[in-house]
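Below are the chains, spelled out letter by letter.
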Amino acid sequence: MEMDTTDLIARARAGDHNAFRDLVQGHSHELQVHCYRILGSLQDAEDALQETLVSAWRNLGEFSQRSSLRTWLYQIATNRCLDMLRADSRRPRIAPPLPQATLPEPTGAGDPPWLEPYPDVLLDHLLDQRPGPEARYETTEAISLAFITALQLLPPRQRAALVLRDVLGYHAAEVAQMLDATQESVQSALKRARATVDNHLADSSSTGSTGSGRPARQPDTAAEHRLVARFTDALERADLDALIELLVTDVRLSMPPVTLEYRGIESAQRVFAAVVFRPGLTYRVVPTRANGQPAFGLYQADPHAGAYRAYGLQVITTADDHITAITCFNTNVMTRFGLPRTLPETD
């Protein structure tokens, strides 16, 4: 394998584009997920990945092979993400309009407005990889919406340091080299970042915690399948009471890019009554998965067109047989999940 890599590097340095493609293609999926963790946006992550590969092609002659090719690519990708965060112009400056219905008074501020879900179909290659021995977070936890949200609360360099050290498992000295920083500054950044992330994870999953302040993961099990079926049925029958029965007492409801948050069953009931379960509205639901969690494409009936039109994407967080959080995204993200804009009306 080492001889193959050395040969590919030599050929790529000589201008062989096919050799370069073979050299980096095994790393592309994980690099995109890495960029997504730091940026919180799939679109931005795709842009960062492409710019990373262009930079690697142009600068391959500077790769000394004192570190692995994977580490070198991660260094380029991380610093490209930091450049994008510093540019800041990609972030929305104007608050998006609220949904058509009038929302009740929120209980707090919600997720960052640029947060986007990540389709599970793009995670297949990632889940086969084990993090390094220094990692503090399991792969499935480190792609959850709660974790991605927590990362967006951190300053950029803290964010990068925590992902490199605690998700990917690089040693602190390696992280310092990748960020062109001292090991002491990395350790200081990690201490602050861990406190923020762990506090957010504990708060966002208080009803399903493991006892260590970390969220309990709900695997893709028969219990989860039953919960998904009940949630789908409640939405399609417009049965608000049946949906509310599935929620934990302190359920969390958010809807980026609208920066509002609702906590508790009563708040969730008011939101669903005002926005989803309005008189005369009917829906169809298409199950999918995002960030290792159940997700649903929601379609609203358009009686004038004889079809159901895309209404939004909902991602749920589960613990045992209940829902602890629902994150609602607008229709812009649905095509990423292979979800159509309309569904035909059925008998």
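Residues numbered from 1 in each chain as written. Predicted model: local features only at pLDDT ≥ 70, side-chain atom pairs only at ≥ 80, totals over all residues. Heavy atoms only, no water.

1. Observations concerning the overall build of the protein chain
Alright, step 1. Check the secondary structure of the protein chain and you find twelve helices and seven strands.
Alright, step 2. Relative to its full complement of 347 residues, the protein chain shows a buried share of 49%.
Alright, step 3. Partitioning the contacts of the protein chain with sequence separation of at least 6, the portion at a separation of at least 24 is 66%. (Helix = DSSP H or I, 4+ residues; strand = E, 2+ residues; numbered from the N terminus. Buried < 20%, exposed > 50% of the residue type's maximum accessible area, 1.4 Å probe, protein only. Contact = heavy atoms within 4.5 Å.)

2. A word on the pattern of salt bridges
Alright, step 1. Counted by the stated rule, this structure contains 19 salt bridges.
Alright, step 2. Two residues, Asp203 and Arg263, come together in a salt bridge whose shortest N-O distance is 2.9 Å. With a gap of 60 residues between them, Asp203 in helix H9 (residues 183-204) and Arg263 in strand S2 (residues 258-263) connect regions that are remote in the sequence.
Alright, step 3. Arg289 is the partner of Glu224 in a salt bridge, and the nearest nitrogen-oxygen pair spans 2.8 Å. With Glu224 in helix H10 (residues 222-236) and Arg289 in strand S3 (residues 283-290), this residue pair connects regions lying 65 residues apart in the sequence.
Alright, step 4. Within the structure, one salt-bridge network assembled from shared partners comprises Glu51, Arg80, Asp83 and Arg86. (Salt bridge = Lys/Arg side-chain N within 4 Å of Asp/Glu carboxyl O.)

3. Some remarks on helix H12 (residues 265-275)
Alright, step 1. Of the residues making up H12, those classed as buried are Ser267, Ala268, Val271, Phe272 and Val275. The buried residues of H12 occupy an angular sector of 130 degrees when the element is viewed end-on, so they sit on one face.
Alright, step 2. Against the buried residues of H12 lie helix H11 (240-244), strand S1 (247-255), S2, S3, strand S5 (307-319) and strand S6 (322-329). (Arc of directions from axis to C-beta.)

4. What to know about the nonpolar core
Alright, step 1. Among the nonpolar cores identified, the biggest contains 72 residues, and Trp72, Tyr137, Phe147, Leu151, Leu162, Val197 and Leu313 are the most heavily contacted of them.
Alright, step 2. Here the element with the most residues in this core is helix H5 (residues 69-87); it accounts for ten residues.
Alright, step 3. Counting 33 residues, the second-largest nonpolar core is a separate cluster that includes Leu227, Met255, Ala268 and Tyr283. (Core = buried A, V, L, I, M, F, W, Y, C linked by side-chain atoms within 4.5 Å.)

5. Overview of the packing of aromatic side chains
Alright, step 1. One pass over the full model with this rule turns up eight aromatic pairs.
Alright, step 2. Over the aromatic face of Tyr308 sits the side chain of Arg284, whose NZ or CZ is 5.8 Å from the ring centroid. (Phe/Tyr/Trp six-rings, centres within 6.5 Å; stacked < 30°, edge-to-face > 60°. Lys NZ or Arg CZ within 6 Å of the ring centre and 35° of its normal.)

6. Quick word on the pairing of S6
Each regular strand shows side chains that alternate between the opposite faces of the sheet.
Alright, step 1. In terms of burial, S6 is a largely internal element, seven of the eight residues being buried.
Alright, step 2. Pairing geometry for S5 and S6, over seven bridges, is antiparallel. Pairing of Thr317 across the sheet is with Ala325, part of S6. (Pairing = 2+ DSSP bridges.)

7. A closer look at unusual backbone geometry
Alright, step 1. Of the consecutive residues Pro256 and Pro257, the connecting peptide bond is found in the cis state with omega at 15 degrees.
Alright, step 2. The residue Asp320 is not glycine, and still its phi comes out positive at about 55 degrees.
Alright, step 3. Take Asp320: it is sitting in the loop between S5 and S6.
Alright, step 4. A residue is classified by how much of its surface remains accessible, and Asp320, at 60% relative accessible area, is exposed.

8. Digging into the packing of helix H3 (residues 28-39) against helix H6 (residues 145-152)
Alright, step 1. Viewed as axis vectors pointing N to C, H3 and H6 meet at an angle of 60 degrees, and their least axial separation amounts to 7 Å. Taken together, the axes of H3 and H6 lie oblique to each other. Contacts between H3 and H6 involve Tyr36, Arg37, Ile38 and Leu39 from the former and Leu145, Ile148, Leu151 and Gln152 from the latter. (Axes fitted to C-alpha atoms, helices over the stretch in contact; angles between N-to-C directions. Parallel < 35°, antiparallel > 145°, perpendicular 65-115°, else oblique.)

9. Observations concerning the pairing of S1
Alright, step 1. Buried residues dominate S1, accounting for seven of its nine residues.
Alright, step 2. Direction of pairing for S1 relative to S6: parallel, over a ladder of four bridges. Bridging across to S6, Leu247 finds its partner in Ile323.
Alright, step 3. Alignment of S1 against S2, held across four bridges, turns out to be antiparallel. Paired with Met255 across the strands is Val258, a residue of S2.
Alright, step 4. The turn joining S1 and S2, which pair antiparallel and follow one another in sequence, is formed by two residues.

10. Considering the side chain of Thr232
Alright, step 1. Within the secondary structure, Thr232 sits in helix H10.
Alright, step 2. Judged by its relative accessible area of 11%, Thr232 is buried.
Alright, step 3. Other than its neighbours up to four places away in sequence, Thr232 contacts Val285, Pro287 and Phe296.

11. Observations concerning H10
Alright, step 1. Relative to the 21 Å expected for 15 residues at 1.5 Å per residue, H10 spans 21 Å between its end C-alpha atoms, a close match to the ideal helical length.
Alright, step 2. Those residues of H10 lying buried are Glu224, Leu227, Val228, Phe231, Thr232, Ala234 and Leu235. With its buried residues spanning 160 degrees around the axis, H10 presents them on a single face.
Alright, step 3. Buried residues along H10 sit against H11, S3, strand S4 (293-302), S5 and S6.
Alright, step 4. Ala238 lies just past H10 and shows a positive phi near 55 degrees. (Expected span 1.5 Å × (residues − 1).)

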